[in-house]
Amino acid sequence: MRRYRFGMIAALIALGFLALVVVLFAFTLADPGNALLWKVVTRDTFTDDLFDSGIPWGLTLALVLIGALQAWALWQVLRGRARGELTERGRKVGLLRLALYLSVGTSVVDIAGVPLIVAWEAYWFWSASAIVSGLLHLAVVWLFFLVLRETASLGLRLFSLVTGVLVGALTIGQGLAEALSLDSVAQILTLGGMFGYIWPAWAVSILIAQGRDPRWSAATVRIGVVAQVVSVLQPGGSVSIISFGSEFPFVMVIYSLLSAVGVLGLVWEARTAHELAGPLPRGPAPAPKRSPARLLPLAVVAIVLPLIPAAVNLAQGRYHWIGPRGAIEQFVREDSGQALTWLGVDVFVGAGGPALLILFAVLRRTRRALQVTSVLLAAAAAVGLVSALTTMTPASEEFRYEGTQIYPEGMFAPGPGGEIFFGISPLFYSAALLCSALILRWLYPVAPAPRARRHVLLAGLAAVVALGFVPAADQARGPVTTAEECNPYRGGRVLQEGPELTRDQRVVCSLRQGNVIKVGAATSDAGVLTYARRLCDIYTRNDPQEVARLKAVDGLQRDHLAYPLAEICPSANTVVKAAAAEQDREIQEWEAAAQRMCDATPTHRPLIKPAHATRMREPQMTDYGVVETYEPTEADQDPAEDGLLEKAQDDGLVASLPGRLMVMTDPDFDICVTVETYTRRPPVETKGWDRVAEVGYESPTGDIVLRDDLSGTEFPDLSLNGRAGHYRIRVHYDWFKGKDDQEGQRLLIMAYPGKGKKPITHRER
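Okay, so let's go over this structure. (Residues numbered from 1 in each chain as written. Predicted model: local features only at pLDDT ≥ 70, side-chain atom pairs only at ≥ 80, totals over all residues. Heavy atoms only, no water.)

**Remarks on the overall build of the chain**
Part 1 of the argument: Within the chain, the secondary structure is distributed over 27 helices and 13 strands.
Part 2 of the argument: Considering the chain as a whole, with its 765 residues, one finds that 41% of them fall into the buried category.
Part 3 of the argument: In the chain, of all internal contacts separated by at least 6 residues, the share reaching a separation of at least 24 is 76%. (Helix = DSSP H or I, 4+ residues; strand = E, 2+ residues; numbered from the N terminus. Buried < 20%, exposed > 50% of the residue type's maximum accessible area, 1.4 Å probe, protein only. Contact = heavy atoms within 4.5 Å.)

**Some remarks on a nonpolar patch on the surface**
Part 1 of the argument: A contiguous nonpolar patch, built from Leu 296, Val 300, Val 304, Leu 307, Ile 308 and Val 312 and spanning about 490 Å² of accessible area, is present on the exposed surface.
Part 2 of the argument: Mapped onto the nonpolar patch, the elements with two or more residues apiece are helix 13 (296-304) and helix 14 (307-315).
Part 3 of the argument: Locating Leu 307 in the fold gives a position in helix 14.
Part 4 of the argument: Its relative accessible area of 36% is what places Leu 307 among the partly exposed residues. (Patch = residues over 30% accessible without salt bridge, like charges linked within 9 Å, V, L, I, M, F, W, Y side chains within 5 Å. Areas by Shrake-Rupley, 256 points an atom, 1.4 Å probe, with all protein chains shown as cover. Salt bridge = Lys/Arg side-chain N within 4 Å of Asp/Glu carboxyl O.)

**Quick notes on the sheet that holds strand 11 (residues 725-737)**
Two pairing modes exist for strands in a sheet, parallel and antiparallel, and in both the strands are linked by backbone hydrogen bonds.
Part 1 of the argument: An order of 3-7-12-11-8-13 is seen for the 6 strands of this open sheet, with the pairing classed as mixed. Pairing within the sheet leaves two strands with one partner each, and these edge strands are strand 3 (612-615) and strand 13 (760-764). Looking at each pair of strands side by side, their axes are set apart by 15° on average, direction ignored.
Part 2 of the argument: Pairing of strand 11 with strand 12 (residues 743-753), which is carried by 11 bridges, proceeds in the antiparallel orientation. (Pairing = 2+ DSSP bridges. Axes fitted to C-alpha atoms, helices over the stretch in contact; angles between N-to-C directions.)

**Here's the deal with helix 26 (residues 570-600)**
Part 1 of the argument: Its 31 residues place the ends of helix 26 45 Å apart at the C-alpha level, agreeing with the 45 Å of an ideal helix rising 1.5 Å per residue.
Part 2 of the argument: All of the buried residues in helix 26 are Ala 572, Val 576, Ala 593, Ala 594, Met 597 and Cys 598.
Part 3 of the argument: Those residues of helix 26 hidden inside the fold are in contact with helix 23 (525-541), helix 25 (562-565), strand 3, strand 7 (671-677), strand 11 and strand 12. (Expected span 1.5 Å × (residues − 1).)

**A few points about the state of the cysteines**
Part 1 of the argument: Under the definition given, this model contains 2 disulfides.
Part 2 of the argument: Here Cys 536 engages in a disulfide with Cys 569; their sulfurs sit 2.2 Å apart. The S-S bond linking Cys 536 to Cys 569 shows a torsion near 80°; that makes this disulfide right-handed. Of the two residues, Cys 536 is situated in helix 23 and Cys 569 in the loop between helix 25 and helix 26; the sequence distance between them amounts to 33 residues. (Disulfide = S-S within 2.5 Å.)

**Some remarks on the environment of Leu 207**
Part 1 of the argument: Here Leu 207 shows up in helix 9 (residues 195-212).
Part 2 of the argument: Through-space distance from the C-alpha of Leu 207 to that of Val 221 is 6.1 Å; in sequence the pair is 14 residues apart.
Part 3 of the argument: Once residues lying within four places of it in the same chain are set aside, the contact partners of Leu 207 are Val 221, Gly 224, Val 225, Gln 228 and Trp 268.

**A look at the nonpolar core**
Part 1 of the argument: Counting residues in each nonpolar core, the largest one holds 33 residues, and the members touching the most others are Leu 96, Val 140, Phe 144, Leu 148 and Trp 202.
Part 2 of the argument: Among the elements of the structure, helix 3 (57-78), helix 4 (91-112), helix 6 (124-147), helix 7 (154-179), helix 9, helix 10 (218-233) and helix 12 (264-275) are those that each provide at least two residues to this core.
Part 3 of the argument: Here this core gets 7 residues from one element, more than from any other, and that element is helix 6. (Core = buried A, V, L, I, M, F, W, Y, C linked by side-chain atoms within 4.5 Å.)

**A short note on the packing of aromatic side chains**
Part 1 of the argument: The final tally for this structure, using the stated rule, is 5 aromatic pairs.
Part 2 of the argument: For the pair Trp 142 and Phe 145, a centre-to-centre distance of 5.5 Å together with 25° between the ring planes defines the contact as stacked. Placement of the pair is Trp 142 and Phe 145 together in helix 6, with a separation of 3 residues, close to one helical turn.
Part 3 of the argument: On the basis of relative accessibility, which here comes to 44%, the residue Trp 142 falls in the partly exposed class.
Part 4 of the argument: Judged by relative accessible area, Phe 145 falls into the buried class, the value being 10%.
Part 5 of the argument: In textbook terms, an aromatic cluster arises when at least three aromatic residues are bridged by ring pairs, as seen for Phe 144, Trp 199, Trp 202 and Trp 216.
Part 6 of the argument: The ring of Tyr 539 has Arg 558 sitting right over it, with the charged end atom 4.0 Å from the ring centre.
Part 7 of the argument: When the ring centre of Tyr 727 is taken as origin, the NZ or CZ atom of Arg 723, which lies over that ring, is 5.3 Å away. (Phe/Tyr/Trp six-rings, centres within 6.5 Å; stacked < 30°, edge-to-face > 60°. Lys NZ or Arg CZ within 6 Å of the ring centre and 35° of its normal.)

**Brief notes about the pattern of salt bridges**
Part 1 of the argument: Tallied over the full model, the rule gives 13 salt bridges.
Part 2 of the argument: Its salt-bridge partner being Asp 651, residue Arg 691 comes within 3.3 Å of it at the nearest N-O pair. Of the two residues, Arg 691 is situated in strand 8 (residues 691-699) and Asp 651 in helix 27 (residues 644-651); the sequence distance between them amounts to 40 residues.
Part 3 of the argument: Look at Arg 691 and you get buried, because its relative accessible area is 10%.
Part 4 of the argument: Residue Asp 651 is classed as partly exposed on the basis of its relative accessible area, which comes to 22%.

**Let's talk about unusual backbone geometry**
Part 1 of the argument: Its identity is not glycine, yet Arg 365 carries a phi of approximately 60°, on the positive side.
Part 2 of the argument: Following the sequence through the fold, Arg 365 ends up in the loop between helix 17 (354-364) and helix 18 (367-389).
Part 3 of the argument: Since its relative accessible area comes to 16%, Arg 365 is described here as buried.
Part 4 of the argument: Here Asn 542, not a glycine, exhibits a phi torsion of approximately 55°, which is positive.
Part 5 of the argument: Secondary-structure assignment places Asn 542 in the loop between helix 23 and helix 24 (544-553).
Part 6 of the argument: The class for Asn 542 is partly exposed, based on a relative accessible area of 39%.

**Observations regarding the pairing of strand 11**
Part 1 of the argument: By the criterion of burial, strand 11 is predominantly enclosed, with 10 of the 13 residues buried.
Part 2 of the argument: Both strand 8 and strand 11 contribute to a ladder of 9 bridges, which runs antiparallel. Its bridge partner lying in strand 11, Glu 698 is registered against His 726.

**Points about the packing of helix 1 (residues 7-30) against helix 3**
Part 1 of the argument: One can describe the packing of helix 1 onto helix 3 by two numbers: an axis separation of 8 Å at closest approach and a directional angle of 170°. Between helix 1 and helix 3, the interaxial angle falls into the category roughly antiparallel. Every residue of helix 3 that contacts helix 1 at Gly 7, Ala 10, Ala 11, Ile 13, Ala 14, Phe 17, Leu 18, Val 21, Phe 25 and Thr 28 is listed here: Thr 60, Val 64, Gly 67, Ala 68, Gln 70, Ala 71, Leu 74, Trp 75 and Leu 78. (Parallel < 35°, antiparallel > 145°, perpendicular 65-115°, else oblique.)

Set out below in structure tokens:
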């Protein structure tokens with residue numbers, strides 16, 4: 001700490017923040033519903049009700065680790081340059097350091113001010129911050145172009161200048177467009193998503209120049225690389241946090257955590273400014289050591305191996321490495337803004353592109369080239385393995401996918417047998433890439449870099465902490481059917497088609513979603529099925545001692561297990577089928593009684609001839625006791641806010657507004673309905689009716705159809721041959737009992753042309 005200009009102050013601030021994180025961690029363990037740790041670490045103030053059911057302990061641990069990373073970032077940013085006399089390198093270097101520090105300060109204010117901005121609703125601050133950041137970025141870009149003149153090539157500097165100026169100009173334009181509420185202009189300035197690629201291109205060019213410049217350490221370059229990887233993984237737009245039922249919004253949580261890790265970008269900027277003031281290196285940087293060429297046939301094997309699965313795939317018309325399958329591909333395509341980047345990587349690996357990387361490493365044979373290539377090959381092998389293990393291929397239905405449409409139409413059409421060919425398994429690519437990586441490390445071994453004592457201590461501590469969370473059981477967990485697979489919603493709508501769940505998966509989903517048998521979210525499908533089969537044995541034997549033990553130990557009653565176990569337990573299925581058959585019989589008897597009741601009601605005999613009359617043959621039902629019309633009007637008011645329901649409830653039977661007519665009934669009993677339309681006012685009939693009321697109604701379109709969309713009930717059209725204009729609607733209501741004491745309702749609705757809005761009650765019992 002004493003090696004740096006403000007090391008002690010920075011250490012105190014960082015330790016204070018770390019202490020705050022630890023205290024909030026303790027509070028969260030005591031009360032999982034306390035989301036203060038989440039808000040402090042992620043600065044996400046828009047998810048107050050996200051953790052009403054509590055923060056999972058795994059997420060709590062991740063928040064503590066990220067909080068420790070943020071404390072380290074605070075120390076890195078605030079500690080300043082190394083102590084000693086400032087190395088004089090000219091005015092350009094000083095201006096670049098100043099611009100970088102101002103950029104870091106703007107970002108820190110932007111991050112730390114989120115709670116105040118949200119509390120005061122001062123969202124204009126973000127637009128102003130974007131404009132200031134864009135101006136500072138333009139200054140940084142130009143000064144980098146000047147400062148790197150002696151160490152970077154002209155082509156690299158020009159590339160960074162062009163991309164950097166474009167990033168700064170677009171950032172300023174977007175800030176101005178948002179400040180002026182010009183959403184369409186802001187959308188245009190994203191260049192159709194290309195802005196998300198231009199920024200990493202500028203940053204990568206600067207990192208390449210820094211890696212060749214002795215003024216910056218390798219640690220600073222590595223931190224910059226990690227910061228850019230995190231930046232690329234973050235979404236380019238808004239992320240939906242909608243979840244269904246008890247489904248946890250994993251995507252939103254992951255992106256919030258990535259945003260919290262984004263402080264590495266500030267560390268890179270701050271270290272870049274700090275090290276510009278450090279002492280100049282003595283003498284030229286040593287040239288990278290190259291390993292001697294060895295065993296050429298094995299090197300050729302390492303190059304050829306990735307080409308073998310690529311050749312097999314290309315021969316069958318597939319040039320993708322993974323294609324539309326696997327959890328990683330689904331996550332990137334549906335939930336991130338990097339679908340096109342993923343497609344490029346998919347095609348590059350699928351067409352044998354890794355062979356070019358291996359060829360470069362074999363020819364170069366430097367420590368960095370060999371390490372980077374072997375790590376990339378191993379990472380690609382791991383991605384292929386995860387994709388293969390998480391693939392569920394539909395067997396005989398047309399393939400459909402959600403998210404960004406990045407695959408050619410018709411490429412994944414079903415074959416003659418109904419199966420869809422996605423290409424050879426990614427496991428073949430994984431095996432080839434992993435073998436190539438191992439051959440490279442064996443052919444060209446590199447001496448391990450010297451490790452500082454603190455590195456060994458941190459590595460040992462991390463290993464001990466990781467071992468503390470390793471399960472003690474020696475049983476393999478196996479696959480877990482997630483809540484997303486059980487309840488397949490994407491972007492707020494139900495999938496029309498997709499891979500069907502197997503019988504075992506349906507059983508697992510029913511048990512996970514039910515409230516009778518409690519199943520842990522992390523319990524494997526095999527464990528759930530084993531437990532369900534044990535319960536089936538207990539249910540089938542119906543041994544009193546076993547049933548009593550089940551109630552005492554597991555809190556389960558045998559009679560409550562029939563429906564959850566029906567699909568996997570034959571004895572329970574028999575009981576469920578018998579209950580369903582009995583229920584169907586009761587419903588049929590009830591419907592038949594309702595039909596007899598309506599058939600027995602007297603037919604209405606009009607006193608004058610109607611233009612048309614309809615006696616509905618079948619009894620009608622409503623979901624919540626209301627049938628109503630919806631005709632468009634010039635006012636176009638929201639039906640939920642026009643007050644018609646309150647008027648109808650006050651009247652008890654009927655109410656109207658222009659374009660809206662509502663009739664109230666009892667939702668629990670059948671209705672026998674007759675509707676009649678007249679060319680003139682019919683005589684008033686009150687005998688035999690409990691209530692007769694009449695209202696005026698203005699029909700804008702001549703489509704007077706009373707309906708209940710929830711139950712599917714729809715009455716015949718009351719209009720006079722589609723005539724629009726003013727009507728009088730007379731509603732007759734009667735509550736009666738049938739011969740078998742079944743209760744019901746009668747409705748007679750008359751409509752005729754006529755003016756006058758005044759409601760009239762002809763009879764009220």
